[in-house]
Amino acid sequence: MKKITGLLILLMALVACNSKKAGEPPISFLADGGLFVLNQGNFTYANASLSYYNPADQSTMPSVFHQVNGVPLGDVAQSLSVFEDKVYLVINNSGLIYIIDRHSGEFITKITGFESPRQLLVLNSDKAYVSDLYANYISVLSLATNEITDKIQLGRSSEAMVLAAGKVFVAHWSEYNQTRENNMVMVIDPETDQLVDSIQVGKEPNSMVEDGGGKVWVLCSGGYLNLENPSLWQIDPVTKQVIQSFYYQEKQSNPVGLSYDVLNQSLLFLNGDVFSMSTSDADLPSNVFIESGDRNFYALFVHPDNGDIYLSDAGNYLSNGMVYRYNANGLETDYFDAGIIPGFFGLNR
Amino acid sequence: MKSVAKYVVTLGFIFFLKEGALAQAVFDTLNLMEFEVVDYHASHVITSKTQTIDSLDMREFNQQDLGEMLSLLAPVYVKSYGRGTLSTVSFRGMAAAHTQVLWEGFRLNSPMLGQVDFSQVPNALFTGAEIKYGGSTLLYSGGAFGGLVSLNSLTPENKHSYVQFEQSVGSFETFTSTAAMNLAVKNFVSTTKVFRQSSANNFTYVNNALLPVETMKQKEANFLNYGFSQLFNLSAANGQEWYIVTWNQWTARDLPPIMTNVFKLQEENQSDFTSRTVLGWRRNTGQTLSEVKAAYFHENFNYYLRTVTSDSLQNTVILNDSRNIINTGMVKADMKTDLGKAYLLAIKLDLEHQSVDSRSYQGLKTRNEATVMVSLEKSFFNWLLVKALVREAFSDGAFLPLLPYLGISVKPFSGADFYVRLNASENYKRPTLNEMYFFPMGNPDLLPERASQVEGSLDYSLTSISGHNLAFDVSAYYSRVHNWIQWLPGEFEYWKPLNVELVESRGVEASAQWKYVVNSWTFNAMAQYAYAHTQAQDEEVQQVQMPYIPMHRANGYLAVGWRKYQMRWGTNFTGERFTTLDPEKTYTNTLPSFWLNEVSAGATFKVGKTTLETRIKVYNLFDVSYQAVLWRAMPGRYAEAAVFLKW
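Treat the numbers as computed from the prediction; the structure is a model and nothing was measured.

Conventions and cut-offs
Residues numbered from 1 in each chain as written. Chains lettered and ligands numbered in written order. Predicted model: local features only at pLDDT ≥ 70, side-chain atom pairs only at ≥ 80, totals over all residues. Helix = DSSP H or I, 4+ residues; strand = E, 2+ residues; numbered from the N terminus. Rg over C-alpha atoms; globule rule 2.2 N^0.38 Å. Contact = placed C-beta atoms within 7 Å. Pairing = 2+ DSSP bridges. Axes fitted to C-alpha atoms, helices over the stretch in contact; angles between N-to-C directions. Nonpolar A, V, L, I, M, F, W, Y, C, P; charged D, E, K, R; others polar. Buried ≥ 20, exposed ≤ 12 C-beta atoms within 10 Å, placed from the backbone. Core = buried A, V, L, I, M, F, W, Y, C linked by C-beta atoms within 7 Å. pLDDT = per-residue confidence, 0-100.

A. Highlighting the overall build of chain A. Summing up its helical and strand segments, chain A has 2 helices and 27 strands in all. For 349 residues, the compact-globule estimate of 2.2 N^0.38 gives 20 Å, and the C-alpha radius of gyration of chain A, at 22 Å, lies within 12% of that figure. Each principal axis of the C-alpha atoms in chain A carries an extent, and together these give about 85 × 45 × 35 Å. The long-range fraction of contacts in chain A, counting pairs at least 24 apart against all pairs at least 6 apart in sequence, stands at 41%.

See the structure below:
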């Protein structure tokens, strides 16, 4: 009898195991505190993907979106934002934003009606702004209905956005099909959704951060055709005045990916290699902080809790890229596989 | 006089031809004459693989484009973005730019793209097509590493006058009308051909590239394509002939987005106008064929992209209005002569001037080229043929490399149509103007491509064995292409053309044909298979099969006729393809293989001098869901019905 009972229990256990499809991810497998890596993929190839890295156990998971939802992520995944229990995935050339559950990766809904969405900035639980490479306005999203509710006319296209001193600073990055020069940071009042000011900076402002002292830093690459020397600008978000600016000596330089290290109060950016400078430095850094060697560093992320630096390597832009993890001192501590052109990071919290 | 009256009446009819009108030939059983071989040699003494598309096949595909026909009749790979949109053809593991298309001997390949959009070549305007493979293309043109397709409009289908119309109505609001009129008076022949095709192309498909997965209707894929050709041919004394032939075509088409991008608020379309005219004189004395001809090709194509806002679809956000005008002037002088003692000599002189005015370039770009080709062949002992040729071009102040070809054909058994053919050649291709100058991705530092190729083949045919005709051939080839030009992704999501140091391609092609006539029955069948293994040998690029070159391709058909009824089944298989050079196989870079089948059935009725034919045709018979190009939606099963009238 005991043998029969044992067999029955074993059989039931087997049936229970088989009820879950092989390879199917668990319901909540995206651990809190992990890192989303958004892989752009190649333009018009719709081979973007979402990777996941858990620093706690150094585990990785490729193609989360496809694994969970069974469809490709889309064409050129540009950026992501995590808010509450949702991840907003901005798929640039597909002209849409996917919203997924940040624990399970499951599709919740999508938002359409964009021309070429680039970045999403969450302002509060009700509202977010979406910048756009082609449109000359910012789209205002209702996070309650997941619909576009308004458009803030800028007269320019938009890229990076930062919320500082109660205002939203928007970089006019691309000059593609633009009549106005791409050297401005536009200022929007999120209370009224009105454009209230603009600040002239260098050509092609590509990334912005707010430092610990509440100042906004703007990194400008000088233009696709290297029309002017790249530059770094510090702005007072209250007075909306430029505090100081630094010009790179080499016109051919292409600094991108400005990031802020909260713990060390320093700025990091990519210019082939990784460079670091204190917000109080009087000059641009001349020494390399992390050498790229034969790696093609593409995106940079500094973990706010421990200062760990994550650098993506886009390789030849064709094959899957890699992500390298360094400690705050610039020593490599780990690496993991990503998808094609890993271009954006986001913390899962 | 009656003929002239018929001509005038028909011209009037053609101008008022609308969807729903009668038109063009489906499969004129009265007109099954095989096309003449364009070359001056009979096919049994060629030294390289050659394939002739005969009139029967041409009739079957009369309402389709050249790409659709080749996908079923030749061992080539047709990469189609969907009906009415870009369609390119590649041979023997080579790229689409390594395929050339000639019309009356003049190259149709765009100097900007280097390739031909086969969806814009309507079969209805041509009387024949010949396919040349590998090194033998050097007789006609340089740069066709894979092969070339030679189209012909001059060869008259008939030496008598006739008028014919064909009209087809198909799924997705597709209407095709064609008309042809041939007027033969003494030594003068006038042939007018007109076609018009329009389609909403709004097929339904399951979009499994977006969430939620849903059934969608293809949008912004409609196209309109119309044009005409006119040939005047005058035969004079002493074997002389004067001709002028013109081919004019207008196209307007929307370009649908890929399946992941259907919600993007954008409109993308292209409109083209092409006008090509050839004026020539030729003389055939029996011993010597001389020909002088000049051509002027004008192409005007505009690409238009705009994104619109969601609240006002009229409010343009961004605009790309790319306008491109290409003018090409060419002169050819050919002489082919029998020198006696089994020597044949051919000399060709080509002059070409290309001018491209494009908004995508910084300034007008021109190219000038003068080419001489000398070919000598000799037959020995009635079982050995040796052919050697050299091609030399002088372009924009410099000589290009000398391109040699050497081929032999051996007939080892005097009593059997069995041939062994071997050839070796060198080839050369300069970067296209887009590859060099297209802003901002053009790469002016690109090196030209150089190819070394060898080929061997066996042909065997059996004729009239109890009414059966059988033919078999097997070819094997090996090509090394230095500085292969490949568009690769780079910074800022731009794709940029770069040289791959070396690409090797090796493969096998095999085909079998069967024809059988018994009592009132006719049977015609063909099967082909092609294997192509093409890999880069480059430190920077992984050794994987080059993108969009399937290792395996197969096609075939079976046509059965009984009295006035005909039925035909065609099939083609396209093997797995990689879409990038990424060595890791993933769902986003690997397109699965697919089989497509089509079947047609029809009948021919004759009342007095009038012939009436009807036909129905079903495409993608088994409703296969497939992608020919990554994330491009393709239609499932669809059909068309056609009526043909001739008198």
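B. A look at the sheet that holds strand β11 (residues 147-153) of chain A. Residues and elements named next belong to chain A. Ordered in space as β8-β9-β10-β11, the 4 strands form an open sheet in which the pairing is antiparallel. The sheet is open, and its two borders are formed by β8 (117-122) and β11, each paired with just one other strand. Sheet twist, expressed as the mean angle between neighbouring strand axes with direction ignored, is 25 degrees. In terms of strand pairing, strand β9 (residues 127-132) meets strand β10 (residues 137-142) through 4 bridges, oriented antiparallel. Bridging across to β10, A128 finds its partner in L141.

C. Spotlight on the interface of chain B and chain A. Across the boundary between the two partners, chain B contributes 34 residues, which contact 33 residues of chain A. Those elements giving two or more residues to the side of chain B that touches chain A turn out to be β17 (316-340) and β25 (468-489) of chain B. The greatest single-element share of the side of chain B that touches chain A, amounting to 3 residues, is contributed by β17(B). Residue composition of the side of chain B that touches chain A, by class: 18 nonpolar, 11 polar and 5 charged.

D. Representation of the environment of F91(B) in the model. All names here are of chain B. Along the chain, F91 falls in the loop between β3 (87-90) and β4 (99-103). As a C-alpha pair, F91 and L70 span 21 residues in sequence and 11 Å in three-dimensional space. Setting aside residues no more than four positions away along its own chain, F91 makes contact with V76, T99, Y133, G146 and G147.

E. Spotlight on the sheet that holds strand β18 (residues 231-236) of chain A. Residue and element names in this part refer to chain A. With antiparallel pairing, 4 strands are arranged side by side in an open sheet as β16-β17-β18-β19. Looking along the sheet, the strands with just one partner apiece sit at the ends: β16 (205-210) and β19 (241-247). Across the sheet, the mean angle separating the axes of adjacent strands is 20 degrees when strand polarity is ignored. Of the pairings in the sheet, the one linking β16 to strand β17 (residues 216-220) comprises 5 bridges and is antiparallel in character. If you follow M208 over to β17, its bridge partner there is V218.

F. Highlighting helix α3 (residues 66-73) of chain B. For α3(B), the tally of buried residues reaches 8 of 8 residues, placing the bulk of the element in the interior. Within the sequence span of α3(B), burial applies to L66(B), G67(B), E68(B), M69(B), L70(B), S71(B), L72(B) and L73(B).

G. Seen up close, the nonpolar core. Residue and element names in this part refer to chain A. Core analysis: the largest hydrophobic core is formed by 182 residues, its most contacted members being L89, I91, V170, M208, W217 and V218. Tallying contributions element by element places strand β23 (residues 297-302) first for this core, with 6 residues. Not counting chain neighbours up to four residues away, the residues in contact with V218 comprise A171, V185, V201, P205, M208, W233 and I235.

H. Region of the structure containing the pairing of strand β7 (residues 107-112) of chain A. Residues and elements named next belong to chain A. Where strand β6 (residues 96-101) meets β7, 5 bridges bridge the pair, whose relative direction is antiparallel. Its bridge partner being in β7, I97 is matched across the sheet by I111. In textbook terms, the turn of a hairpin is the stretch between consecutive antiparallel strands, and for β6 and β7 this stretch comprises 5 residues, one of which, G105, has a positive phi near 80 degrees.

I. Just the environment of G105(A), in detail. Residues and elements named next belong to chain A. Turning to its location among the elements, G105 is positioned in the loop between β6 and β7. A count of 23 C-beta atoms within 10 Å places G105 in the buried class. Along the backbone, G105 and L50 are 55 residues apart, and their C-alpha atoms lie at a distance of 9.7 Å. Setting aside residues up to four positions removed in sequence, G105 forms contacts with L30, V64, F65, V68 and I100.

J. Looking closely at the confidence of the model for chain B. All names here are of chain B. Here chain B shows a mean pLDDT of 88. Residues at 70 or above account for 91%. Segment residues 1-43 is flagged for pLDDT under 50; beyond a separation of four residues in sequence, or across chains, it makes 95 contacts in the model. Interface predicted TM-score (ipTM) for the complex: 0.87; the corresponding pTM is 0.87.

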